[in-house]
Amino acid sequence: MALKNSLASKKFTITAEICPPKGTDTSVFIKNARLLKDKIDAANVTDNQRAVMRLSSLACSVLLLKEGIDPVFQMTCRDRNRIALQSDILGAWTLGIKNILALSGDHVSFGDHRDAKPVFDLDSVQLVQVISKLNNGQNMKDAALNGGTDFLIGAVVAPEANPSEPEMLKFEKKVSAGARFFQTQAFYDMEKFKRFYEYAKKFDVKILGGILLLKSAKMAHFLNNNVPGVNVPENLIKELESAPDQLEKGIEIAARQIKELKAFCDGAHIMAIGQEENVPKIIDLSN
Amino acid sequence: MGNETAGDKPQRYMLLAPPCIWAIFERELISVSTIWKFNMIITKKKDFQKILEYLKNKNKIFLYGCNSCAEQCETGGEKEIKEMTLLLENAGKNVTGFSLPDETCYSMIIKKDFREQKKTIEGSDAILVLACGAGVKAVSDTAGDEKPVFPALDSLYLANVTRYGHFFEGCALCGECVLGETGGICPHTNCPKGLLNGPCGGMADGKCEVNIENDCVWVRIYTRLKKQGRLDVLKKIAPAKDYSSGVRPRNTIVESRIKNKKQEDK
């Protein structure tokens, strides 16, 4: 079911992230997309994530459309100024894309082109505002467009942010700017997430809980030490360490999290980072 | 300005200070009173190999330093002019002479200096400037189209001075000050992404993901505005920045200053 319809229904929505290739060979990308096709409601296409240069998220979103998958076109503010952003958003609409996820984007200092100019002409809140304007048939200078857009606008929120108040203020700005669904950053503390969900439900938005597949205990340690805002608790790390097959255990943990989300949340967003072929297994196990 | 000796300045600060305190602070105050004369531009030395590339096929070199910011950064004062002279001579170059203006970015000073050094400069193949880009610009404009002028430094930022030898970037000169909406803490200068509506997803435990030594500027802004009872300011969406005021090159003429000067001259 398309993302818009799925979110409008009472159904538990599942999205998953697919990462574009570092080049023009799209065979693995397409193979993963086909594996996911009947398991998910929409697939997110990342936009040069971690500031590593890859095939464009717009091009890959169109490839997903051709495969009959509803794409969530991820768009960061890192690489384009306001003219290029608006132009690409209009372009995405004419090519048949219906969902956009607006993000600030990782800083270039994390990526493979550390000497690049970080653009950030707009921030994620302003980008959501701009998409709302384009949806309204106007550009960001209020000039009428010869044909506008009608995107379902999404944004990101970090439910475990510490301190949380500045993050929640920003979340509320994104809501008032026109974001209608949120895919959260990865979290592992379900009680904390429930509290966030109760707060977020005061607003007219859908929340998809971010599930990040733990491939191994080593990866969990890496996340804790290197990825800001992600906290894998000690008991999960122990569970992974004591398992004969850590990847299998990681899949089991992800499925368990989704099962728990199904009890109260609007949906889940699965980030498998290079393990896309295991996403169907996670979803099957969560049923 | 540089002709004034720093030593005769500090008296105004010490009227009420007991001698022991004065002894401790004397050095600091002398430097502060010196620094206060300048807009502080931070520079760093270019790699010497790069400088040799510039000066390939140029033998007779005239040097310019700058006795304000670059002197403070220890990149273009008397000491560094001497070091550069030695390096160039060891590399087989002939340093024809040097000049250390009080402010190398001040075109009038450079023009006057050029007249004084006319013969030496005319007899040189190139000029190497140990000053910020504005200093290089003033020298190269004065040198005209015939004489090659090269930078020995990279210009980094406009600095605040915390104390002698301690600098940090306090203003990005963005052209549209937002400090009124951010509790006096600048997101343009302090957030690596220059975000205007709150922290990014990389904020963790109040720290910045780009450099975890640094506090997230949006957490600092939030904390300060909360203390001031002004969180309502943060709830409004900050509009996209207007970059039209920053179209380059920028020039400013202060009319009243020109009028006053003309009257003085009469």
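Model, not experiment: these values are computed from the prediction.

Parameters at a glance
- For every chain, the first residue of the written sequence is number 1, and numbering continues from 1 onward in sequence order.
- Chain letters and ligand numbers both follow the written order, the letters beginning at A and the numbers at 1.
- Since the coordinates come from a predicted model, pLDDT governs what is reported: local features require at least 70, and pairs of side-chain atoms require 80 or more to be given and counted, while whole-chain, interface and lining totals use all residues.
- Excluding hydrogens and water, the side-chain values take into account all heavy atoms of the structure.
- The helix count covers DSSP runs of H or I at least four residues long, the strand count covers runs of E at least two residues long, and both are numbered beginning at the N terminus.
- Each residue's exposure class comes from its accessible area (1.4 Å probe, protein chains only) as a fraction of the maximum for that residue type: buried when under 20%, exposed when over 50%, partly exposed otherwise.
- Calculation of accessible area relied on Shrake-Rupley with a 1.4 Å probe; when residues are assessed, cover is drawn exclusively from the protein chains displayed.
- Two strands qualify as a pair provided that DSSP identifies no fewer than 2 bridges between them.
- Fitted lines through C-alpha atoms give the axes, limited to the stretch in contact for helices. The angle between two N-to-C directions lies from 0 to 180 degrees.
- Counted charges follow a simple rule, with Lys and Arg positive, Asp and Glu negative, and His plus the chain ends left uncounted.
- Think of a salt bridge as a Lys or Arg side-chain nitrogen and an Asp or Glu carboxyl oxygen that are within 4 Å of each other.
- Side-chain atoms alone can form a polar contact between residues adjacent in sequence; in general such a contact is a pair of N or O atoms within 3.5 Å, and within protein one must be able to donate a hydrogen while the other accepts it.
- By the convention used here, residues are in contact when the closest approach between their heavy atoms is within 4.5 Å.
- Any two rings among Phe, Tyr and Trp, with Trp reduced to its six-membered ring, count as a pair given centres within 6.5 Å; such a pair is stacked if its planes are under 30 degrees apart, edge-to-face if over 60, and tilted if neither.
- A helix is expected to span 1.5 Å multiplied by its residue count minus one.
- Note on terminology: a nonpolar core comprises buried Ala, Val, Leu, Ile, Met, Phe, Trp, Tyr and Cys residues joined through side-chain atoms within 4.5 Å.
- As a working definition, buried area equals the accessible area (1.4 Å probe) given up by two parts on being put together, with both sides summed.
- Residues are grouped as follows: nonpolar covers Ala, Val, Leu, Ile, Met, Phe, Trp, Tyr, Cys and Pro; charged covers Asp, Glu, Lys and Arg; every other residue, Gly included, is treated as polar.
- Comment on the angle field: the value is read as roughly parallel under 35 degrees, roughly antiparallel over 145, roughly perpendicular from 65 to 115, and oblique elsewhere.
- With the far helix as reference, a near helix turned anticlockwise by less than a right angle produces a left-handed crossing, and one turned clockwise produces a right-handed crossing.
- What pLDDT expresses is the predictor's confidence in each residue, scored from 0 to 100.

A. Layout of the overall build of chain B. Helix and strand counts for chain B stand at 11 helices and seven strands. Each of the 266 residues in chain B was classed as buried or not, and the buried ones make up 38%. When the accessible surface of chain B is summed, it comes to about 15900 Å², and 52% of that surface belongs to carbon and sulfur atoms.

B. View of the sheet that holds strand β1 (residues 13-18) of chain A. Residues and elements named next belong to chain A. Taken in spatial order, the eight strands line up as β1-β2-β3-β4-β5-β6-β7-β8 and close into a barrel, and their pairing is parallel. Neighbour-to-neighbour, the strand axes of the sheet open up by a mean angle of 25°, direction not taken into account. In the sheet, strand β4 (residues 99-103) pairs with strand β5 (residues 152-157) via four bridges, with the strands oriented parallel. Pairing of Ile100 across the sheet is with Ile153, part of β5.

C. Layout of the side chain of Asp70 of chain A. Residue and element names in this part refer to chain A. Of note, Asp70 is situated in the loop between α3 (57-66) and β3 (71-76). Lys98 provides the closest opposite charge to the buried, unpaired Asp70, separated from it by 8.0 Å. Separated by 2.8 Å, the side chain of Asp70 and the backbone nitrogen of Leu3 make a polar contact. In this structure the side chain of Asp70 is engaged in a polar contact, spanning 3.1 Å, whose partner is the side chain of Asn99. For Asp70, the contacting residues outside a window of four places in its chain are Ala2, Leu3, Asp41, Ala42, Ala43 and Asn99.

D. Broad picture of the packing of aromatic side chains. One pass over the structure, following the stated rule, counts 14 aromatic pairs over all chains. When the ring of Phe187 of chain A is compared with that of Phe193 of chain A, the centres are 4.0 Å apart and the planes differ by 5°; the resulting orientation is stacked. Its relative accessible area of 1% is what places Phe193 of chain A among the buried residues. When the centroid spacing of 5.2 Å and the interplanar angle of 15° are considered together, the rings of Tyr54 of chain B and Phe150 of chain B count as stacked.

E. Up close: helix α6 (residues 165-177) of chain A. All names here are of chain A. Between its first and last C-alpha, α6 extends 18 Å over 13 residues, near the 18 Å set by a 1.5 Å rise per residue. α6 sits mainly inside the fold: 10 of its 13 residues count as buried. Residues Pro166, Glu167, Met168, Leu169, Lys170, Phe171, Lys173, Lys174, Val175 and Ala177 constitute the buried set of α6. Of the residues trailing α6, Gly178 is marked for its positive phi of about 125°.

F. The arrangement of the pattern of salt bridges in detail. Per the stated rule, a full pass over the model turns up 28 salt bridges over all chains. Asp41 of chain A is the partner of Lys11 of chain A in a salt bridge, and the nearest nitrogen-oxygen pair spans 2.8 Å. Of this pair, Lys11 of chain A sits in the loop between α1 (3-8) and β1 while Asp41 of chain A sits in the loop between α2 (27-36) and β2 (42-45), and the two are 30 residues apart along the sequence. Its relative accessible area of 35% is what places Lys11 of chain A among the partly exposed residues. By relative accessible area, Asp41 of chain A is classed as buried at 8%. In this structure, Lys79 of chain B and Glu74 of chain B form a salt bridge, with 3.5 Å as the shortest nitrogen-oxygen distance.

G. Up close: the nonpolar core. With 85 residues, the main nonpolar core has Phe171, Phe182, Phe196, Ile207 and Leu261 of chain A as its most contacted residues. With residues up to four places along the chain from it excluded, the contact list for Leu261 of chain A reads Phe12, Phe187, Met190, Phe193, Gly209, Ile211, Gly267 and Ala268 of chain A. Membership of the second largest hydrophobic core comes to 16 residues, among which are Phe114, Ile127, Ala143 and Val149 of chain B.

H. Here's a closer look at the interface of chain B and chain A. With 28 residues of chain B at the contact, the number on the chain A side is 30 residues. For the chain B and chain A pair, buried surface summed over both sides reaches about 2400 Å², with 59% attributable to carbon and sulfur atoms. In this structure, the connection of chain B to chain A is made through zero salt bridges. On inspection of chain B and its partner chain A, the count reaches 15 residue pairs in polar contact (both at pLDDT 80 or more). Examining the composition of the side of chain B that touches chain A, we find that three residues originate from one element, helix α9 (residues 217-227) of chain B, more than from any other. The residue inventory of the side of chain B that touches chain A, partitioned by class, reads 16 nonpolar, five polar and seven charged.

I. Region of interest: the packing of helix α5 (residues 107-116) of chain B against helix α7 (residues 133-143) of chain B. All names here are of chain B. Here α5 crosses α7 at 45°, and the two axes come no closer than 9 Å. The angle between α5 and α7 places the two elements in the oblique class. Read as a crossing pair, α5 and α7 show a hand that is right-handed. Along its contact with α5, which presents Ser107, Ile110, Lys111 and Phe114, the element α7 presents Ala138, Val139, Thr142 and Ala143. Residues that form the contact of α5 with α7 fall into these classes: five nonpolar, two polar and one charged.

J. Representation of the packing of α6 of chain A against helix α7 (residues 190-200) of chain A. All names here are of chain A. Closest axis-to-axis distance for the α6/α7 pair is 12 Å, and the angle between their directions is 40°. Compared by their axis directions, α6 and α7 come out oblique. The interaxial crossing formed by α6 with α7 has right-handed handedness. Here Met168, Phe171 and Glu172 of α6 come into contact with α7, specifically with Phe196, Tyr199 and Ala200. Its residues assigned to classes, the contact of α6 with α7 shows five nonpolar, no polar and one charged.

K. Layout of unusual backbone geometry. A cis geometry characterises the amide bond from Asn162 of chain A onward to Pro163 of chain A, with omega recorded as 0°. Turning to its location among the elements, Pro163 of chain A is positioned in the loop between β5 and α6. Residue Pro249 of chain B is bonded to the preceding Arg248 of chain B through a cis peptide linkage, with omega at 0°. Positive phi, close to 60°, is recorded for Glu74 of chain B, a residue that is not glycine. Note that Glu74 of chain B resides in the loop between α3 (69-72) and α4 (78-90).

L. Seen up close, the confidence of the model for chain B. Per-residue confidence for chain B averages 88 on the pLDDT scale, and 85% of its residues sit at or above 70. Note on residues 25-38 of chain B: pLDDT is under 50 here. Beyond four places in sequence and across chains, it has 24 contacts.

M. Structural view of the sheet that holds strand β2 (residues 60-64) of chain B. Residue and element names in this part refer to chain B. Reading across from one edge, β3-β2-β4-β5 is the order of the four strands in this open sheet, with parallel pairing throughout. Bordering the open sheet on either side are β3 (94-99) and β5 (149-151), each of which pairs with just one other strand. Averaged over all adjacent pairs, the angle separating strand axes in this sheet is 25°, with direction ignored. With three bridges connecting them, strand β4 (residues 126-129) and β5 associate as parallel partners.

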